[in-house]
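A look at the structure
Residue strings, one per chain:
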Amino acid sequence: MTALEEFCKTLRQLSGIAEQLACIEDEKATATAEKQHNLIDPLLRREQPLVLSLRGLEKQRIEQAAALGWEGLTFRQILDIAKPEQKEVLSPLFAELHEKTNRLMQTRETSDRMIRTRLRELEFVTAQLAKKSDGKAPVSFHDRYV
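Here we summarise the structure given alongside this text.

About the criteria used
- Residues numbered from 1 in each chain as written.
- Predicted model: local features only at pLDDT ≥ 70, side-chain atom pairs only at ≥ 80, totals over all residues.
- Heavy atoms only, no water.
- Patch = residues over 30% accessible without salt bridge, like charges linked within 9 Å, V, L, I, M, F, W, Y side chains within 5 Å.
- Areas by Shrake-Rupley, 256 points an atom, 1.4 Å probe, with all protein chains shown as cover.
- Salt bridge = Lys/Arg side-chain N within 4 Å of Asp/Glu carboxyl O.
- Helix = DSSP H or I, 4+ residues; strand = E, 2+ residues; numbered from the N terminus.
- Buried < 20%, exposed > 50% of the residue type's maximum accessible area, 1.4 Å probe, protein only.
- Phe/Tyr/Trp six-rings, centres within 6.5 Å; stacked < 30°, edge-to-face > 60°.
- Axes fitted to C-alpha atoms, helices over the stretch in contact; angles between N-to-C directions.
- Parallel < 35°, antiparallel > 145°, perpendicular 65-115°, else oblique.
- Left-handed = near helix turned anticlockwise from the far one by under 90°.
- Nonpolar A, V, L, I, M, F, W, Y, C, P; charged D, E, K, R; others polar.

**Things to note about a nonpolar patch on the surface**
A surface patch of nonpolar side chains, about 310 Å² in accessible area, is lined by Phe124, Val125 and Leu129. Structurally, the position occupied by leucine 129 is in helix 4 (residues 84–134).

**Quick look at the pattern of salt bridges**
One pass over the full model with this rule turns up twelve salt bridges. Among the ionic pairs, glutamate 27 bridges to arginine 46, the shortest N-O distance being 3.2 Å. A residue pair is termed long-range when its members are at least 10 positions apart, and glutamate 27 in helix 1 (residues 3–33) and arginine 46 in helix 2 (residues 40–67) qualify at 19 residues. When its relative accessible area of 34% is taken as the criterion, glutamate 27 is described as partly exposed.

**Description of the packing of aromatic side chains**
Geometry of an aromatic ring pair is reported as the spacing of the ring centres plus the angle between the planes. All told, the structure shown has three aromatic pairs when counted by the stated rule. When the centroid spacing of 4.1 Å and the interplanar angle of 10 degrees are considered together, the rings of phenylalanine 75 and phenylalanine 94 count as stacked. Of this pair, phenylalanine 75 sits in helix 3 (residues 75–81) while phenylalanine 94 is found in helix 4, placing the two residues 19 residues apart along the sequence. Look at phenylalanine 75 and you get partly exposed, because its relative accessible area is 24%. Among the aromatic side chains, those forming a connected cluster through ring pairs are Phe7, Trp70, Phe75 and Phe94.

**Focus on the packing of helix 1 against helix 2**
Direction vectors running N to C along helix 1 and helix 2 enclose 155 degrees, while the axes themselves pass 9 Å from each other. The orientation of helix 1 with respect to helix 2, classified from their angle, is roughly antiparallel. At the point where helix 1 passes helix 2, the crossing takes the left-handed sense. Split into classes, the residues belonging to the contact of helix 1 with helix 2 amount to 15 nonpolar, seven polar and eight charged.

**Topic: the environment of threonine 117**
Relative to the helices and strands, threonine 117 is located in helix 4. Relative accessible area serves as the criterion here: at 29%, threonine 117 is assigned to the partly exposed category. Along the backbone, threonine 117 and proline 92 are 25 residues apart, and their C-alpha atoms lie at a distance of 38 Å.

Okay, structure coming up:
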C-alpha cells in the first residue's frame, strides 16, 4: 500500500470513529433527557476505547502527512499543493471527515448541556432534601467539582 493509500485509510477510520462517537453522544443526550441515567455508564464505557483509538489514529495521520511532505498543513493547504489525482482522492475524504467531526462537536455540546441541566436539577432536589432534614443547604456539586 502506498503512503497516500495509508493516509486515506486513516482518514476513513477517523471518520468512522467520529461517527460512532457522535452516535454515542446522541444516545447520552437522549438517555439524559429521558432521565434514564442508568444508561450513561455503559455509554461512557463504549466511548472510552473509541476516544483512545481516535487519539492513536490522529497521531498516525500526523505522521503519515509528514511522510507525504504535508507536515503541519491543514486539509485546505494540502489540497492547495496536492497533485490533481491526489486532490481527486483526498477532497471527498476531507469533506467527509469535516462533516463527521462537526456532527460530533454538535452532538457533544448537546449531550454536555443536557447532563449539566440534569446535574443542576439533582443539586436542587438534594438541597431541598438537605434543608428539610437539617436546615442547611449543602455545598453544590458544581461549585465543588466543576
